[in-house]
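Analysis of the macromolecular model
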4 protein chains.
Amino acid sequence: MDKLIITAALTGAEVTREQQPALPLTPDEIARAAEECAQAGASIVHVHARRPDGTPTQDKAIYAEIIEKIRARCDVIVQVSTGGAVGMTAAERLAPVELRPEMATLSMGSVNFGDDVFLNHPADMAAFLAAMKEFRVRPEFEIFDAGMLHSLQRWLKQGVVDGPVHVDLVLGVPGAMAGTPESLMFLRSQLPPEATWTVAGIGAAQLPLAAMAIALGGHVRVGFEDNVWYRKGELATSNAQLVARVARIAGEMERPVATPDEAREILGIMR
Amino acid sequence: MDKLIITAALTGAEVTREQQPALPLTPDEIARAAEECAQAGASIVHVHARRPDGTPTQDKAIYAEIIEKIRARCDVIVQVSTGGAVGMTAAERLAPVELRPEMATLSMGSVNFGDDVFLNHPADMAAFLAAMKEFRVRPEFEIFDAGMLHSLQRWLKQGVVDGPVHVDLVLGVPGAMAGTPESLMFLRSQLPPEATWTVAGIGAAQLPLAAMAIALGGHVRVGFEDNVWYRKGELATSNAQLVARVARIAGEMERPVATPDEAREILGIMR
Amino acid sequence: MDKLIITAALTGAEVTREQQPALPLTPDEIARAAEECAQAGASIVHVHARRPDGTPTQDKAIYAEIIEKIRARCDVIVQVSTGGAVGMTAAERLAPVELRPEMATLSMGSVNFGDDVFLNHPADMAAFLAAMKEFRVRPEFEIFDAGMLHSLQRWLKQGVVDGPVHVDLVLGVPGAMAGTPESLMFLRSQLPPEATWTVAGIGAAQLPLAAMAIALGGHVRVGFEDNVWYRKGELATSNAQLVARVARIAGEMERPVATPDEAREILGIMR
Amino acid sequence: MDKLIITAALTGAEVTREQQPALPLTPDEIARAAEECAQAGASIVHVHARRPDGTPTQDKAIYAEIIEKIRARCDVIVQVSTGGAVGMTAAERLAPVELRPEMATLSMGSVNFGDDVFLNHPADMAAFLAAMKEFRVRPEFEIFDAGMLHSLQRWLKQGVVDGPVHVDLVLGVPGAMAGTPESLMFLRSQLPPEATWTVAGIGAAQLPLAAMAIALGGHVRVGFEDNVWYRKGELATSNAQLVARVARIAGEMERPVATPDEAREILGIMR
Ligand SMILES: [Mg+2]
Ligand SMILES: [Mg+2]
Ligand SMILES: [Zn+2]
Ligand SMILES: [Zn+2]
Ligand SMILES: [Zn+2]
Ligand SMILES: [Zn+2]
């Protein structure tokens, strides 16, 4: 079983300071949170940029500042989001990929997302993939529902994507797949050969699915983007607090936590 | 185990005469095909309207003509589609529901669909449900992926929908859930209590999933909308030919085929 | 998908003429039944010997007579049982293997079996395997419960058995695994790589599991050993009647039935 | 989700001092170990008696001494084993049940067990059940393979057993069901309604299956009977060390550990 890769999803596109007062928003805050998470055991940070007013943006300059400031502090892998926000074009969403970060997310389809639709048109998906190839960015394929894994299988079969792939199973978004052990086990049974996977449980699903992933040989994503609570009725005080708990559980379960360089090796990221 | 309800999906929104020369397009053709399918064992016909040039339409007048002509020929349950075509508004797609057909489809989310996106915005879904309640139309919930079943579970929990529900598991659309036995078994394991279900396997998945559904106590949808072939390399000669094969397999498997009135009772459709 | 191998389990060790008047018991009756089943589509016959009074026996001479008489009539693969009856020693049970039939069963563990225990001690299992290797008999591994598949996996891992293996999933014996679609799907998900498999559903499970196996790419065993009924309340008139129904369903499902030579090729049986 | 019941399986019938120097064998040692485990978070101790020479025994007097000495120290629930050892009669194995302990195990079938067969004849199982009813002992149904759960379902259906039942899923015995997450999820999907369950993973399966059970709402059994190691290459220093780790993981996962009285309430044990 590989060492455990913990991803910290620090900010997201939708969470607010009202919901989570410790949410990092500025490049400085994000870089500081990244360093704390790295110290707590994270080897990847998944980042979204925000404007000074807190609204989500795919502005390349802000992403550049975030990446630079994280790199100044620690060696954690930076994974940029290409999710963007409702209404953005594919080109806008792709902007941070041009910065050649080590990783970027690539969502494998469209799905209702709470009261909205998270649109990923097939043509846009192809454009995202082409850009990641061009800029030599390792994709993390975001899987919100079973059909998205099937679409990835089709890409593999067509040779558009070369394996082994790395996927993120995002479970518990209203409109997408349920945040249940059954969902996790089913998706796991449908993974492409040699795929590595992480699980991002939303809200109350974060902790139980993280423990299952540790036991199953998968990897774990936690952080404010997916869940702002430490326990029922008690907000987490930082992203690092959530990372540290996963690291402690992994320690009890004899699953060592990967350093960023170990994570690079597991994921096949060349520097 | 209930008697077997066979649904014939006669026309769809996308299949062309080039792909399937026997495709029924006009109200007269659709009514004739419905009658043939009813004679072959179908108790529901799932209908889409087309304009004289073959393009899809949600025109209420055309649906009215289709329904009237089917009713003149046979007692089969008419289920209208609310799927519409890319670019239609929710109001347009809802038009045939106002005709108070016995059933209508209600797609439970958004999903990539081949080279397009099949959009079902949460707000539109709520509008579709409200209309079906108002016009006393029994919904068939269309499930293209696992998350859509979860959304239906949420509606049931919220009391927005009262059970038992009837669902159609549409398996094999590129972009949605794979047309595999594993998909079928997983969705079946996640059904709401007392739900009735049918399976619509796309293309080559139609026949094996139909046989599984017969064995599992589910129901079966076949027809040109989902599959134009009788066997590999050989087009079906009619929708009824596909229905008749399912009826023969059901006969061999000691699963009697339901009449339209028996289907109404199984599905809780009041006339 | 391979062509469909139908095995006819003609007699078994326990069924009586009182339960099934058409049960073949003598070598002549068994040979005649084998020929009828071969004509109806079976490529393997699974045989048990009985004494003139109908009680089960592993007497080599009777097995020899059965095999000779079958071979005089048709080319079907003869698979002898090593199950024996309660109280027999392993050596007794092994006797027919010395006749070098093309196949023999090898039960992969112990399990309660109705009001008895079907004992297969680990040391006896090893002896059975050694004998089958010595006499160059292709084993069909009988799997009555999930743990038995695990034991086979262990043999494969230890190199005691070389793959690909052929297994028979016997589902529905009281005391063993339930005769349900869920059991079948679970065992199928746990098969060794490249394994071929057949399913023997007991009693009312025979027909639905047969249909599922046809759809899933597995093979099918039917016959009086497992089920004496044609339909609820109506006894089958012959083993061949049960075989013929499976062949008809396979025909409807576009799954051609294998000849004995095609079955030999699929199963890797050298002559 | 109920509070977590941790069972400590202190001694077993087969483990030796050579394998695990800290193995408790005498009534005094067992009672001391029980108290330590209770302090570490166990609410049930599963006990086997040994003779002074370390061989397993179902001697009622020794069980009586064990129970008395445990009760003198702490309030933990005592669950006696009825497994006995190879060659014992059902009456011998049942002896400790006559002491009216709060719980006793009832194995639901026969299965190969390493190099032996663990025999539980259907008639003996019925005798065990009758005795537990007579002496008002709460059974824990031991499930070593999928078919055993099916046998329990049959007892429930026949009304021989009243639900809700409590089962122990013993996973990883060579000859029985594999100690894998897939096994656990499958058995869990087949549980009778309202059943409570614990998982006893054997050897290296103990820790990952324990973590899964905590996440899934099940309960956990650990201890030297099932596993003598703390981690790869390092023996546990006591049963309590294994219990304490489970309690720590449960704490991290916000699943509080049950006291003995809370366990009694969850399991429906009247005193
Ligand atoms: Mg979807
Ligand atoms: Mg067993
Ligand atoms: Zn994100
Ligand atoms: Zn349609
Ligand atoms: Zn047999
Ligand atoms: Zn024990």
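Residues numbered from 1 in each chain as written. Chains lettered and ligands numbered in written order. Predicted model: local features only at pLDDT ≥ 70, side-chain atom pairs only at ≥ 80, totals over all residues. Heavy atoms only, no water.

Going by an unreviewed UniProt entry, chain A carries the name 3-keto-5-aminohexanoate cleavage protein and comes from Aromatoleum toluolicum. If you open the UniProt record of chain A and go to Cofactor (unreviewed entry), you find "Zn(2+)". (UniProt positions renumbered as here; feature names shortened; annotations may be inferred.)

**Notes on the interface of chain D and chain C**
On the chain C side, the residues contacting the 29 residues of chain D number 29 residues. Approximately 1,900 Å² of surface area, both sides summed, lies buried where chain D meets chain C, with 58% of it carried by carbon and sulfur atoms. The tally of links between chain D and chain C comes to zero salt bridges. On the surface where chain D and chain C come into contact, there are 11 residue pairs in polar contact (both at pLDDT 80 or more). When residues of the side of chain D that touches chain C are traced back to their parent elements, those giving at least two are strand 7 (111–113), strand 8 (116–118), helix 4 (122–134), helix 5 (146–158) and helix 6 (181–189) of chain D. (Contact = heavy atoms within 4.5 Å. Buried area = accessible area lost by both parts, 1.4 Å probe. Salt bridge = Lys/Arg side-chain N within 4 Å of Asp/Glu carboxyl O. Polar contact = N/O pair within 3.5 Å; in protein donor to acceptor, adjacent residues only side chain to side chain. Helix = DSSP H or I, 4+ residues; strand = E, 2+ residues; numbered from the N terminus.)

**Observations concerning the sheet that holds strand 11 (residues 196–201) of chain C**
All names here are of chain C. Here we have eight strands rolled up into a closed barrel, ordered 1-2-5-6-9-10-11-12, and parallel in their pairing. In this sheet, neighbouring strand axes are inclined to one another by 25° on average, regardless of whether the strands run parallel or antiparallel. Judged from the three bridges that link them, strand 1 (residues 6–9) and strand 12 (residues 219–222) form a sheet pairing that is parallel. Across the sheet, residue Ile-6 finds its bridge partner in strand 12, namely Val-220. Strands strand 10 (166–171), strand 11 and strand 12 of the sheet are contacted by helix 7 (residues 206–216), whose axis makes an angle of about 160° with strand 11. (Pairing = 2+ DSSP bridges. Axes fitted to C-alpha atoms, helices over the stretch in contact; angles between N-to-C directions.)

**What about helix 4 (residues 122–134) of chain A?**
Taking 1.5 Å per residue as the helical rise, helix 4 of chain A with its 13 residues ought to reach 18 Å, and the 18 Å between its terminal C-alpha atoms agrees with that figure. When helix 4 of chain A is considered as a whole, its buried residues turn out to be Pro122(A), Met125(A), Phe128(A), Leu129(A), Ala131(A) and Met132(A). Buried residues in helix 4 of chain A make contact with helix 3 (90–94), strand 6 (103–107), strand 9 (138–143) and helix 5 (146–158) of chain A together with strand 7 (111–113) and strand 8 (116–118) of chain B. (Expected span 1.5 Å × (residues − 1). Buried < 20%, exposed > 50% of the residue type's maximum accessible area, 1.4 Å probe, protein only.)

**What to know about the interface of chain B and chain A**
If you look at the interface, chain B gives 29 residues, while chain A gives 29 residues. Carbon and sulfur atoms supply 58% of the area buried between chain B and chain A, which totals about 1,900 Å² over both sides. Of all residues in chain B, the largest losses of buried area upon contact with chain A belong to Asn112(B), Pro122(B) and Phe186(B), amounting jointly to 23% of the total for that side. Here chain B is connected to chain A by zero salt bridges. Between the two partners, chain B and chain A, sit 10 residue pairs in polar contact (both at pLDDT 80 or more). Mapped by element, the contributors of at least two residues to the side of chain B that touches chain A are strand 7, strand 8, helix 4 (122–134), helix 5 (146–158) and helix 6 (181–189) of chain B. For the side of chain B that touches chain A, the leading source of residues is helix 5 of chain B, giving six residues.

**Section: empty space enclosed by the protein**
Here the structure, examined in full by the defined rule, presents six cavities of 30 Å³ or more. Reported here for the largest cavity is a volume of approximately 60 Å³. What lines the largest cavity is a set of 13 residues, and nearest its centre among them are Ser110(A), Asp145(A), Ser110(B), Val111(B) and Asp145(B). In the lining of the largest cavity, the residues fall into four nonpolar, seven polar and two charged. (1 Å grid on protein atoms, 1.4 Å probe; cavity = no way out; pocket = protein on both sides within 12 Å on 5 of 7 lines; lining within 4 Å. Points joined across faces, edges and corners; volume = space filled by probe spheres on them. Nonpolar A, V, L, I, M, F, W, Y, C, P; charged D, E, K, R; others polar.)

**Quick look at the pattern of salt bridges**
Across all of its chains, the model carries 68 salt bridges over all chains by this definition. Between Glu182(A) and Arg188(D) there is a salt bridge, with the nearest N and O atoms lying 2.7 Å from each other. Pair noted here: Glu182(A) is in helix 6 (residues 181–189) and Arg188(D) is in helix 6, and the two residues belong to different chains. Of the residues examined, Arg188(D) reaches a relative accessible area of 22% and is grouped as partly exposed. Between Arg73(D) and Glu35(D) there is a salt bridge, with its nearest N and O atoms 2.5 Å apart. Of this pair, Arg73(D) sits in helix 2 (residues 60–73) while Glu35(D) sits in helix 1 (residues 27–40), and the two are 38 residues apart along the sequence.

**Concerning the relation of the copies chain B and chain A**
Mapping chain B onto chain A leaves a residual RMSD of 0.0 Å; the transformation is a rotation of 180° accompanied by 0.0 Å of translation along its axis. As the rotation angle and translation indicate, the two copies are arranged about a two-fold axis. Minimal C-alpha distance to the rotation axis in chain B is attained by Val111(B), lying at 2.7 Å. A symmetric contact is evident, with 100% of the interface residues of chain B recurring at the interface of chain A. (Least-squares fit on C-alpha atoms with pLDDT ≥ 70 in both.)

**Notes on the relation of the copies chain D and chain C**
For the pair chain D and chain C, the superposition axis carries a translation of 0.0 Å, the fit reaches an RMSD of 0.0 Å, and the rotation angle comes to 180°. Both copies contact each other with a shared surface, as 100% of the interface residues of chain D are interface residues in chain C too.

**As for unusual backbone geometry**
Residue and element names in this part refer to chain A. Of note, the amide linkage connecting Gly-163 to Pro-164 takes the cis form, showing an omega dihedral of -5°. Of note, Pro-164 is situated in the loop between helix 5 and strand 10 (166–171). Look at Arg-136: it is not a glycine, yet its phi comes out positive at around 55°. As for its position among the elements, Arg-136 is in the loop between helix 4 and strand 9.

**A few points about helix 7 of chain C**
Most of helix 7 of chain C sits out of view: 10 of its 11 residues are buried. Gly217(C) occupies a position one or two residues after helix 7 of chain C and carries a positive phi of about 90°.

**Quick word on the pairing of strand 5 (residues 77–80) of chain D**
The side chains of a regular strand alternate between the sheet's two faces. Residue and element names in this part refer to chain D. Residues of strand 5 alternate between two faces, with Ile-77 and Gln-79 on one and Val-78 and Val-80 on the opposite face, all of them buried. In terms of strand pairing, strand 2 (residues 44–47) meets strand 5 through four bridges, oriented parallel. By the bridge assignment, Val-47 is partnered in strand 5 with Val-80. Where strand 5 meets strand 6 (residues 103–107), two bridges bridge the pair, whose relative direction is parallel. Bridging across to strand 6, Val-80 finds its partner in Ala-104.

**Notes on the packing of helix 8 (residues 239–252) of chain B against helix 8 (residues 239–252) of chain C**
In helix packing, the relevant descriptors are the interaxial angle and the interaxial distance, both defined with respect to the helix axes. Contact geometry for helix 8 of chain B and helix 8 of chain C: axes closest at 10 Å, N-to-C directions at 160°. Between helix 8 of chain B and helix 8 of chain C, the crossing angle belongs to the class labelled roughly antiparallel. In this structure, the crossing between helix 8 of chain B and helix 8 of chain C has a hand that is left-handed. Along the contact surface, helix 8 of chain B presents Arg245(B), Arg248(B), Ile249(B) and Glu252(B), while helix 8 of chain C presents Arg245(C), Arg248(C), Ile249(C) and Glu252(C). (Parallel < 35°, antiparallel > 145°, perpendicular 65-115°, else oblique. Left-handed = near helix turned anticlockwise from the far one by under 90°.)

**Examining the environment of His46(A)**
Residues and elements named next belong to chain A. On the secondary structure map, His-46 appears in strand 2 (residues 42–47). The exposure class assigned to His-46 is buried, which follows from its relative accessible area of 2%. Once the C-alpha coordinates of His-46 and Ala-34 are considered, the two residues, 12 residues apart in sequence, prove to be 9.1 Å apart. When neighbours within four sequence positions are excluded, His-46 is seen to be in contact with Thr-7, Ala-8, Ala-9, Leu-10, Gln-79, Ser-81, Thr-105, Arg-221 and Glu-225. At 3.1 Å, the side chain of His-46 and the side chain of His-48 are in polar contact.

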